[in-house]
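Spelled out, the chains give:
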Amino acid sequence: MAGHDNGRRISARDYSAVDLSLRALRIFLAVEEAGSIVAAAERLGTSKSSVSQRISSLEQSLGSVLFDRASRPLGLTPAGSVLRRHAHQILNAVSGARVELMELNLSALPELRLAIIDDLDASITPELVEHLAGLYPQCLITASSGLSDELTHRIAERGADIVVTAEPPGDPRVFEVHRLLRDPFVLVCAKGALAPERDIRAQLDDLTFVRYSTAMPIGRGIEQHLRRVQVSPNGKLAFDASRSVFAMVEKCGGWAITTPLCLLDSPRARDSLEVHPLPFAGMVRTIHLVARRDELGELPAKLAVLARQLLAERLTLPALAIAPWLKGGFRVEYDGAMD
């Protein structure tokens, strides 16, 4: 039995040595999708030479040229098109088998640890825990809350299995990250402190700025943004908790920078403060659900779907009641969405 490709005759014995490892197929598809060796290497987090060598080895073992190197972006040869079809089938089958095996393992999981950013703890934690308990009745479900940087460190150190955080880890090879919520920063002030008909930014110079402590991720983010937009507010007061920030804003007739999510987590502040758009370049934080890749099957993605449903039902309308102009800015996010 023999086959032909690019004028070379390949015997059945030759095919026994073909390198069709999963790694080789993933690299081949990455090059085809990215359109170049360099872009594929960046996507895979490896070197250009490593990708080039693997493609050359694959072509040599198959006896077929897979890419038309004269085209930009790289195009597939007829042999490459055949391999692409089979590569997708192989990787999809392996992925399906892995998910099913993970689900079997999860059913016997002794403990599942969930950690959620403080601002969302009361909003969605009970329902997420209840959902997990229904899926895995023999599993101990533990839930905790904390600051975003603490939660990110916790999952990196395997102190949690799933976290909801505003600071996801940066390595996509290790972690899967699902977008949940777009939370834009806003200006809050004491009622009557600002006259909307006058220049808001000019009025801020006469008011006390109440800060979040830089021990908090939100505080560090705000201070960095103020430096970027070259704004130096008047005020030396800083607090760890949103409730303390809001109480001081009301007490001193000042202003602060926060997010709708922080306001929704502080019901009293909604009635005692006014909310305005930032009078300078805006900033946004995104809340994500994070898990370690290839360890919990489809559970993180399914849990992200439930979290989005809860956020849409519980937070969207209350946020618009605080500030109707937030429509479209404060919103549930989906994987692949762009700001």
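Summarised in this report is the structure supplied together with it. Keep in mind that this is a model prediction, so the values were computed, not measured.

About the cut-offs
Residues numbered from 1 in each chain as written. Predicted model: local features only at pLDDT ≥ 70, side-chain atom pairs only at ≥ 80, totals over all residues. Heavy atoms only, no water. Helix = DSSP H or I, 4+ residues; strand = E, 2+ residues; numbered from the N terminus. Buried < 20%, exposed > 50% of the residue type's maximum accessible area, 1.4 Å probe, protein only. Polar contact = N/O pair within 3.5 Å; in protein donor to acceptor, adjacent residues only side chain to side chain. Contact = heavy atoms within 4.5 Å. Salt bridge = Lys/Arg side-chain N within 4 Å of Asp/Glu carboxyl O. Phe/Tyr/Trp six-rings, centres within 6.5 Å; stacked < 30°, edge-to-face > 60°. 1 Å grid on protein atoms, 1.4 Å probe; cavity = no way out; pocket = protein on both sides within 12 Å on 5 of 7 lines; lining within 4 Å. Points joined across faces, edges and corners; volume = space filled by probe spheres on them. Expected span 1.5 Å × (residues − 1). Pairing = 2+ DSSP bridges.

Brief notes about the side chain of Ser213
Okay, step 1: If you trace the backbone, Ser213 turns up in the loop between strand 10 (210–212) and helix 9 (217–228).
Okay, step 2: Here Ser213 falls in the buried class, since its relative accessible area comes to 15%.
Okay, step 3: A polar atom in the side chain of Ser213 sits 3.3 Å from the side chain of Asp240.
Okay, step 4: Excluding residues that lie within four positions of it along the chain, Ser213 makes contacts with Gly219, Arg220, Ala238, Phe239 and Asp240.

Section: the pattern of salt bridges
Okay, step 1: Inspection of every chain in the model, using the stated rule, returns 17 salt bridges.
Okay, step 2: Linking Arg314 and Glu127 is a salt bridge whose minimum nitrogen-to-oxygen distance equals 2.6 Å. Here Arg314, found in helix 13 (residues 299–322), pairs with Glu127, found in helix 6 (residues 121–135); they are 187 residues apart in sequence, far enough to count as distant.
Okay, step 3: When salt bridges that share partners are traced, they join Asp119, Asp183 and Arg285 into one network.

Examining the packing of aromatic side chains
Two aromatic rings, taken as a pair, are described by how far apart their centres are and by the angle between their planes.
Okay, step 1: All chains considered together, the criterion is met by 2 aromatic pairs.
Okay, step 2: Ring plane angle 50° and centroid distance 5.5 Å describe the contact between Phe28 and Phe67, whose orientation is recorded as tilted. Of this pair, Phe28 sits in helix 2 (residues 22–34) while Phe67 sits in strand 3 (residues 67–68), and the two are 39 residues apart along the sequence. Comparing Phe28 with Phe67 shows no difference in burial state: the two are buried.
Okay, step 3: Plain terms: the ring middles of Phe209 and Trp255 are 4.4 Å apart, the flat faces sit at 45° to each other, and that makes the pair tilted.

Section: empty space enclosed by the protein
Okay, step 1: Using the criterion set out here, one finds 1 cavity of 30 Å³ or more in the structure.
Okay, step 2: In this model, the largest cavity occupies a volume close to 30 Å³.
Okay, step 3: In terms of lining, the largest cavity is formed by Phe209, Val210, Arg211, Tyr212, Gly219, Ile222, Glu223 and Ile257.
Okay, step 4: Within the residue set of the lining of the largest cavity, elements represented by two or more residues are strand 10 and helix 9.

Some points on helix 4 (residues 48–62)
Okay, step 1: Across its 15 residues, helix 4 extends 21 Å between first and last C-alpha, which sits within 8% of the 21 Å expected from 1.5 Å per residue.
Okay, step 2: If you check which residues of helix 4 are buried, you get Val51, Ile55, Leu58, Glu59, Ser61 and Leu62.

Things to note about the pairing of strand 7 (residues 162–165)
Okay, step 1: Every second residue of strand 7 is oriented toward a common face, with Ile162 and Val164 on one face and Val163 and Thr165 on the other, all of them buried.
Okay, step 2: Pairing of strand 5 (residues 111–117) with strand 7, which is carried by 3 bridges, proceeds in the parallel orientation. Bridged to Ile116 within strand 7 is Val164.
Okay, step 3: With 4 bridges connecting them, strand 7 and strand 14 (residues 284–292) associate as antiparallel partners. Following the sheet pairing, Ile162 is matched in strand 14 by Ala291.

A closer look at the layout of surface pockets
Okay, step 1: Looking at the second largest pocket, its volume works out to about 420 Å³.
Okay, step 2: Around the second largest pocket sit 23 residues that line it, and Ile117, Asp119, Pro217, Ile218 and Arg285 are the ones nearest its centre.
Okay, step 3: Looking at the lining of the second largest pocket, the elements that each hand over two or more residues are helix 9, helix 10 (242–252) and strand 14.
Okay, step 4: With 3 residues, the top contributor of residues to the lining of the second largest pocket is helix 9.

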